[in-house]
Amino acid sequence: MTDISTALPAASLPEPTSCPPDDKPTTLRQIVYVSQARTDLTSRQLAAILNTARTNNDHNKISGMLVFNSGQFMQCIEGPWSEVEALMSGIKKDRRHEYMAILLDQAITDRDFDCWLMGFKDLSLNKAFAENDDVIDADFLGHLAHPSRAVALLASFAKL
């Protein structure tokens, strides 16, 4: 699999460096879920998902992080309660993935990915992760000592 940053022109893959405008609502919602792609996704398809997410998230004041590894997704989305609810409704209906498992659904006052319209890391490009496809498996992650550690795991993937 090729790196999505080379699959499309750089202009079509904006870096997640701007923070979404936030009126600092008292309560935000944060959800972390995992799911399995129904079919193999090309680098171009992943780039399209990412571009659409960043555009929509900017408009809806959503931030987050998406990790992909060997057909598995792990995503954190955070933002105003109603916008996150609407986004999750659409994600649940998305036919490109299945076997969705919610790892964390909580109210927060501060974002963990506040300057990321949608951060992205394809672990499949890292040989150590590509050979270990249970890194973001729901059963594996279900054994975390506390669900909030899923957010810390995503943050650590972002630094790779």
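Quick note: structure is the one above.
Residues numbered from 1 in each chain as written. Predicted model: local features only at pLDDT ≥ 70, side-chain atom pairs only at ≥ 80, totals over all residues. Heavy atoms only, no water.

*Asks:* Explain the sheet that holds strand β3 (residues 72-80) here, please?
*Replies:* Backbone-to-backbone hydrogen bonds join strands into a sheet, with any given pair of strands oriented parallel or antiparallel. A sheet is described by the order of its strands in space; here 5 strands give the open sequence β4-β1-β3-β2-β5, paired in mixed fashion. Of all the strands in the sheet, just β4 (97-108) and β5 (119-122) have a single pairing partner and so form its edges. For this sheet the average axis-to-axis angle between neighbouring strands, irrespective of direction, equals 10 degrees. Across 7 bridges, strand β2 (residues 63-69) lies against β3 in antiparallel orientation. Opposite Phe 68, over in β3, you have Phe 73 as the bridge partner. In the packing of helix α2 (residues 43-60) onto the sheet, contacts are made with β2, β3 and β5, and the angle to β5 comes to roughly 160 degrees. (Pairing = 2+ DSSP bridges. Helix = DSSP H or I, 4+ residues; strand = E, 2+ residues; numbered from the N terminus. Axes fitted to C-alpha atoms, helices over the stretch in contact; angles between N-to-C directions. Contact = heavy atoms within 4.5 Å.)

*Asks:* Honestly, the environment of Glu 85 in this entry has me stumped. Any pointers?
*Replies:* Relative to the assigned elements, Glu 85 resides in helix α3 (residues 81-93). Along the primary structure Glu 85 and Arg 29 are separated by 56 residues, whereas in three dimensions their C-alpha atoms are 8.5 Å apart.

*Asks:* What exactly am I supposed to notice about the pairing of β3 here?
*Replies:* Most of β3 is tucked away: 9 of the 9 residues are buried. Relative to β3, strand β1 (residues 28-37) runs antiparallel, the two sharing 9 bridges. For Gln 36, the partnering residue across the bridge sits in β3 and is Gln 72. Linking two consecutive strands that pair antiparallel, namely β2 and β3, is a turn of 2 residues; a positive phi of about 45 degrees is found at Ser 70 within it. (Buried < 20%, exposed > 50% of the residue type's maximum accessible area, 1.4 Å probe, protein only.)

*Asks:* Can you help me understand unusual backbone geometry in this one?
*Replies:* Where the residue is not glycine, phi is negative for most of them; where a peptide bond is considered, it is trans in most cases. Positive phi, normally seen in glycine, also occurs at Ser 70, with a value near 45 degrees. Residue Ser 70 is classed as partly exposed on the basis of its relative accessible area, which comes to 33%. The phi dihedral of Tyr 99 falls on the positive side, at around 55 degrees, and the residue is not glycine. Take Tyr 99: its relative accessible area is 64%, and that puts it in the exposed class.

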